[in-house]
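Chain and residue survey
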Amino acid sequence: MENNTRKIWLDSMLHIVTPVLRALEKEELKKTMPLDFHGERAPFAPLEAFGRSMLGLAPWLEAEGLEGEEKELQETYRSLAVRCIDKATDPESADFMIFNEGGQPLVDTAFLCHALVRAPRQLAGSLPERVHRNLAAALRSSRQIVACNSNWIFFSAMVEAGLYVLGEKDYDKMRIAYALRVFDGWYKGDGVYGDGEMFHWDYYNSFVIQPMYLDLAEMFVNLGEEFRELEKRVAVRAARYASVLERMIAPDGSYPILGRSICYRFGAFQMLSQAALEHRLEGSLKPAQVRCALTAVIRRCMENQEMFDQNGWLQPGVCGCQPELAEGYINVGSLYLCSAVFLPLGLPVSDPFWADEDADWTSRKVWSGGHVQIDHAID
């Protein structure tokens, strides 16, 4: 491994999320973040930016055993994250966020809850009592938003998981069980689910479906024998889907521009990153090749200086600023789902993901004349 690869990842992640967190800490997020792009979505943009930033940051905040400068940075951001949760959920704060109006807040309440699930000690377990109460109240308030019959049912389930991680006794097991059961019926084969009954060619299996499904299935495996068997199926399918994502990364770090929400950039690889974080990669897929593949994707996107505006905020697009690629529901806050690629920063420096020698990923091997194993589907 190049000695600076982990630093490249960490610097990239902090470059992305720091403007959001620093503005929120000062109760200036609503005042300073760009809200004019698809301005009708402006009321929801702050929670989108915050919840999605925390989604990718959380495993690094939870990581143990870091040393030196990275450890100091981690301590700084742990404290910063708690202060930001306070500002986002305190009704007296200038940056108090909307959790219960319209539909969109359910989505990003769920992303914030997924961060709690990924950092139960350093986020959920580190909140002062007042902040804990405010956060729990904000999560409960999102229940009045009705989830449509799609990936949104995972948002309702993940909010309940957030309350569970906070130690709240009134979390709703039925919303969780419903999501786990329904999506099992929407499985289409070879590691992919429909987004509802229909299959769509996009990255929503990675943006939402499989990362949330996997963590919910594992967390609530003890709901009964039905769910113990379900968790096994979900894990196998997720590992297969992670392998598919790895094979979609081209030798130059580009990848197919396919389906909606493509402006979430390398957030499209969340499930591959999560499989690496949780040691769920299929045996044919080595951690080092995943690291190198994802590093190529990160570099390919980050090297275009128009990814950020002059104040460091993300701009819509994939390679630079390409606003025509953003659907009407996407505002600047939405773009911070890209943080999900950085999940492996939650692994220690000694983990094979970081410690093993660089290795070519599948497409780079093949297109340089190398040799790979034949790909196989699963049921």
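What you see is a predicted model, and the numbers here were worked out from it, not measured in a lab.

Looking only at helices and strands, the protein has 14 helices and 2 strands in total. Whereas a compact globule of 379 residues would reach a radius of gyration of roughly 21 Å, the protein reaches 19 Å, a difference of no more than 12%. With respect to the three principal axes, the spread of C-alpha positions in the protein is 60 × 50 × 45 Å. Evaluated residue by residue, the protein yields a buried proportion of 58% over its 379 residues. In the protein, once contacts between residues fewer than 6 apart in sequence are set aside, the share between residues at least 24 apart is 77%. Total accessible area computed for the protein in this model is approximately 14,900 Å², and 51% of it derives from carbon and sulfur atoms. In the protein, 38 positive and 53 negative side-chain charges are present, and the distance between their average locations comes to 3 Å.

Let us now look at the environment of Glu48. Of note, Glu48 is situated in helix 3 (residues 45-62). For the pair Glu48 and Ser334, spaced 286 residues apart in sequence, the C-alpha separation works out to 5.4 Å. Those residues in contact with Glu48 that sit more than four places away from it in its chain are Gln104, Asp108, Asn331, Gly333 and Ser334. Among the polar contacts listed, one links the side chain of Glu48 to the side chain of Asn331, at a separation of 2.8 Å.

Let us look at the packing of aromatic side chains. All told, the structure shown has 26 aromatic pairs when counted by the stated rule. Seen from their ring centres, Trp9 and Phe353 are 5.7 Å apart, and the 80° between their planes marks the pair as edge-to-face. Remark: Phe353 occurs in helix 13 (residues 352-355) and Trp9 occurs in helix 1 (residues 5-25); sequence separation between them is 344 residues. Pair check on accessibility: Trp9 and Phe353 agree, each one buried. For the pair Phe111 and Phe155, a centre-to-centre distance of 5.8 Å together with 65° between the ring planes defines the contact as edge-to-face. You can see Phe111 sitting in helix 5 (residues 104-118) and its partner Phe155 sitting in helix 7 (residues 152-165), a full 44 residues away along the chain. Comparing Phe111 with Phe155 shows no difference in burial state: the two are buried. An aromatic cluster of three or more residues is present, and its members are Phe154, Phe183, Trp186, Tyr187, Tyr193 and Tyr213. The ring of Tyr187 carries the charged tip of Arg237 above its face, separated from the ring centre by 3.7 Å.

Residue position: Gly103 is located in the loop between helix 4 (68-89) and helix 5. Gly103 sits 44 residues away from Ala147 along the chain, and the two C-alpha atoms are 8.1 Å apart. Residues contacting Gly103, with those up to four places away along its chain left out, are Ile145 and Trp152.

One non-glycine residue, His38, lies in positive phi territory at about 50°. Although it is not a glycine, Asp190 adopts a positive phi angle of roughly 50°. In this structure, Asp190 sits in the loop between strand 1 (187-189) and strand 2 (192-193).

By the definition in use, this model includes 36 salt bridges. The partner of Glu278 in a salt bridge is Arg280, with the nearest N and O atoms 2.7 Å apart. Across the pair Arg291 and Asp358 runs a salt bridge whose closest N-O atoms are separated by 2.6 Å. Residue Arg291 is located in helix 12 (residues 287-302), and its partner Asp358 is located in the loop between helix 13 and helix 14 (362-366); the two are separated by 67 residues in the primary sequence. Judged by its relative accessible area of 0%, Arg291 falls in the buried class. Judged by relative accessible area, Asp358 falls into the partly exposed class, the value being 39%.

Glancing now at helix 6 (residues 129-141). With 13 residues, helix 6 extends 18 Å from end C-alpha to end C-alpha; this agrees with the ideal 18 Å at 1.5 Å per step. Every buried residue of helix 6 is listed here: Val131, His132, Asn134, Leu135, Ala136, Ala138 and Leu139. Those residues of helix 6 that are buried are in contact with helix 4, helix 5 and helix 7.

Before going further, it helps to examine the state of the cysteines. According to the stated counting rule, one finds 0 disulfides in the structure shown. Cys113 takes part in no disulfide bond, and the closest cysteine sulfur, belonging to Cys84, lies 16 Å away. Under the relative-accessibility criterion, Cys113 is labelled buried at 0%. You can see Cys301 has no disulfide; the closest cysteine sulfur is in Cys319, sitting 6.8 Å from it.

With that out of the way, let us pick up the side chain of Ser156. Following the sequence through the fold, Ser156 ends up in helix 7. Apart from residues lying up to four places away in sequence, Ser156 is in contact with Leu106, Ala147 and Arg175.

Conventions we followed
- Residues numbered from 1 in each chain as written.
- Predicted model: local features only at pLDDT ≥ 70, side-chain atom pairs only at ≥ 80, totals over all residues.
- Heavy atoms only, no water.
- Helix = DSSP H or I, 4+ residues; strand = E, 2+ residues; numbered from the N terminus.
- Rg over C-alpha atoms; globule rule 2.2 N^0.38 Å.
- Buried < 20%, exposed > 50% of the residue type's maximum accessible area, 1.4 Å probe, protein only.
- Contact = heavy atoms within 4.5 Å.
- Areas by Shrake-Rupley, 256 points an atom, 1.4 Å probe, with all protein chains shown as cover.
- Lys, Arg positive; Asp, Glu negative; His and termini not counted.
- Charge placed at Lys NZ, Arg CZ, Asp CG, Glu CD.
- Polar contact = N/O pair within 3.5 Å; in protein donor to acceptor, adjacent residues only side chain to side chain.
- Phe/Tyr/Trp six-rings, centres within 6.5 Å; stacked < 30°, edge-to-face > 60°.
- Lys NZ or Arg CZ within 6 Å of the ring centre and 35° of its normal.
- Salt bridge = Lys/Arg side-chain N within 4 Å of Asp/Glu carboxyl O.
- Expected span 1.5 Å × (residues − 1).
- Disulfide = S-S within 2.5 Å.

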